[in-house]
Amino acid sequence: MTSNARPPVEPVRHGPDKPPPRNRTLGWDALAWTVRYLKQPDGDNAGAPWRFTPEQVRFLLWFYAIDDQGRFRYRSAVYRRLKGSGKDPLGAAIACIELLGPCRFGGWRDDGTPIAVPHPRPWIQIAAVTKEQTQNTMSLFDGLLTAEAIEDYGVDLGKEVIYTASGGRLAAVTSSPRALEGARITFALKNETHHWIRSNQGLEMDAVIRRNLAKSRDGSARSLSITNAHRPGEDSVGEREWELYQKIRAGKTRASGLLYDSIEAPPDIVLSDPESLRAGLLAARGDSTWINVDVLMEEIWSMPDPADARRFYLNQIVAAEDSLIAPYEWDACLDEDAELAPGDEITLGFDGGKTDDATALVAVRVRDRLAVPILVRERPEGPAGEGWEVDREEFDAVVRAAFDRYRVAGFFADTALWETYVDAWAADFGRQLAVKASPRHAVAFDMRGNLRRRVEGTERLLSAIRDQDLRHNGDPTLRRHALNARRRPTPHGLSFGKEHRESPRKVDAFAALLLADMARAELLARGREKARSRRVVVLR
């Protein structure tokens, strides 16, 4: 009897697939300590001795991997898994090891294996962008530590701060970067870093934590991020850590101190196919066998955004279903060493804001379609953004400097909110432009009133990105704005817009790129027309 069930599929794995040599990790001592001092905090087995899964054991051994001098191999680590896979309990267990257990190099045994000893003065931070996220981890410690651990180490369990008799402390912190500056922490657990973005001060908090860790006297202070798959283009800490990992793998950075561990479903999983989805969930859950796949299938089928379903439950890094550009399409156009040179022939695009929207000036080189942001300004987050307005004089100066530095053959600028400046640029530079924005104005381009031209330009630019005819230098702001753009069908074809009107995810730098690319396309088309008009036909 044959079965139509889809056979198991192999997951996509990132990170080491085998444990490190036994004599080059402190992890075995740490594991032995957890057997005595930790217990299962919740679930059907609450109160039973704590047990790591094999995947977690492998990760922990690598997290505590050392070199020949006993120094940690990794300064930071990322553990990325689907929802419900036990990221918080794992993070809490490692935080307990850092607070109480053997977690630092203390010499060598006669057999060549390292000795792990407790940190003499541990200071642990459980960090997240909301108080509720820190509580996901903080609520576990009461059930995780055995009575013996609490007695032996003099643990004083608080809701937001835990103290030990030796002077150690573990505290929950949220996104107040200035309040965190200067803390001499020895370990930071960063929770749900796919939510750490600019608008909630997550990026600034991460920068403060990294600075605090870097100044440790012995260089052993480190961090662990636990996260789901991030949303591409959001510029979250989760996305930045993924991009650093990709650069390390490609040999494009001297950095090497990041341990990245992830298991995800293969990309060809079909959400609407029960057998395919089941196989994908089984692959993504790994050895987190407590996850109920049937429940997750029902949840996925009830979710309005398939991209969210893939991120949270298949652990896949995917763009939203209505994204204009996929991350892999944009990244395939990368040329990190490319840059503009004085005297290059370029076209410029400008999209201006005032207080909320970003303002951007982008150049495209005529000969090879290299896109380079000249200047992009966005409203600062937090208190610094209150009452903020873009510096118009700064952009005016940068536009004029661009005309001095390069041969500007075309300049398309959206007129909204910047009419006076656009008129001045046309008056001062219009005569030297080889291509005009319209018959009535050398520079002004009304993005709202030129729908057909904008649609043609958008579709042309998309084709160039997918065919890798466009090049860019990897500017993170331009990338973020490009990946934020959403598909907007019109009667004339495909255009783009923000996620929604009030969305903080800006697209203005991509709009400026589009305008510059449109100017370039019309310049080249005009050149071809002139070439045809000069042809001489000889009849014989």
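Please refer to the structure placed before this passage.
Worth saying up front: this structure is predicted, and the values here are computed from it rather than measured.

## A word on the sheet that holds strand β9 (residues 222–227)
Spatial ordering of the open sheet is given by β1-β10-β2-β9-β8-β5-β7-β6, a layout of eight strands whose pairing is mixed. Pairing within the sheet leaves two strands with one partner each, and these edge strands are β1 (12–14) and β6 (161–163). Between one strand axis and the next, the sheet turns through 10 degrees on average, direction left out of account. Summarising the sheet, strand β2 (residues 76–80) and strand β10 (residues 258–264) pair through five bridges and their orientation is parallel. Residue Y79 lies in a different strand from β10, and its bridge partner there is D261. Running at roughly 160 degrees to strand β8 (residues 187–191), helix α8 (residues 202–214) makes contact with β5 (123–127), β8 and β9 of the sheet.

## Things to note about the sheet that holds strand β11 (residues 345–351)
Think of a sheet as strands paired side by side through backbone hydrogen bonds, with each pair either parallel or antiparallel. Pairing is mixed in the open sheet, where six strands are placed in the order β15-β14-β11-β12-β13-β16. This sheet does not close on itself; its edge strands, each paired only once, are β15 (444–445) and β16 (471–472).

## Digging into the pattern of salt bridges
Scanning the entire structure with this criterion turns up 45 salt bridges. In this structure, R365 and D368 form a salt bridge, with 2.8 Å as the shortest nitrogen-oxygen distance. Each member of the pair R365 and D368 is classed as buried.

## What to know about the environment of R431
Topologically, R431 is positioned in the loop between α15 (419–429) and β15. Residue class for R431 comes out exposed when judged on its relative accessible area of 86%. In this structure the C-alpha to C-alpha distance between R431 and R453, which are 22 residues apart in sequence, comes to 23 Å.

## Section: the packing of aromatic side chains
Using the criterion set out here, one finds 25 aromatic pairs in the structure. Centre to centre, the rings of F63 and Y64 are 5.1 Å apart; their planes meet at 80 degrees, and the pair counts as edge-to-face. For the pair F63 and Y64, one class covers both residues: buried. Ring centres of F412 and F445 lie 5.7 Å apart, and the angle between their planes is 10 degrees; on these two criteria the pair is classed as stacked. Note that F412 is positioned in strand β14 (residues 407–414) and F445 in strand β15, a separation of 33 residues in sequence. Overall, the relative accessible area of 0% leaves F412 in the buried class. Ring-pair connections join several aromatic residues into one group, and the members of that group are F350, F395, F403, F411, W418, Y421, W425 and F429. Here the basic side chain of R80 rests over the ring of W242, its NZ or CZ set 5.3 Å away from the ring centre.

The rules behind each value
Within each chain, residues carry numbers counting from 1 in the order of the written sequence. Local features in this predicted model are restricted to residues whose pLDDT is 70 or higher, and side-chain atom pairs enter the listing and the counts only when it is 80 or higher, whereas totals over whole chains, interfaces and linings include all residues. Water and hydrogen atoms were dropped before computing side-chain values, which therefore reflect all heavy atoms in the structure. Strands pair, by our definition, only if DSSP identifies at least two bridges between them. Helix and strand assignments follow DSSP, with helices taken as H or I runs no shorter than four residues and strands as E runs no shorter than two, numbered in order from the N terminus. Helix axes are fitted to C-alpha atoms over the stretch in contact, other axes to C-alpha atoms as well, and angles between N-to-C directions run from 0 to 180 degrees. Contacts are assigned to residue pairs that have any heavy atoms within 4.5 Å of one another. By definition, a salt bridge exists where a carboxyl oxygen of Asp or Glu is found within 4 Å of a side-chain nitrogen of Lys or Arg. The buried label applies to any residue whose accessible area, calculated with a 1.4 Å probe on protein chains only, is under 20% of its type's maximum; exposed applies above 50%, and partly exposed to all values in between. Aromatic pairing here means that ring centres of Phe, Tyr or Trp (its six-membered ring) are within 6.5 Å. Orientation follows from the plane angle: under 30 degrees is stacked, over 60 is edge-to-face, and everything else is tilted. Criterion for a charge above a ring: Lys NZ or Arg CZ within 6 Å of the ring centre, and within 35 degrees of the ring normal.

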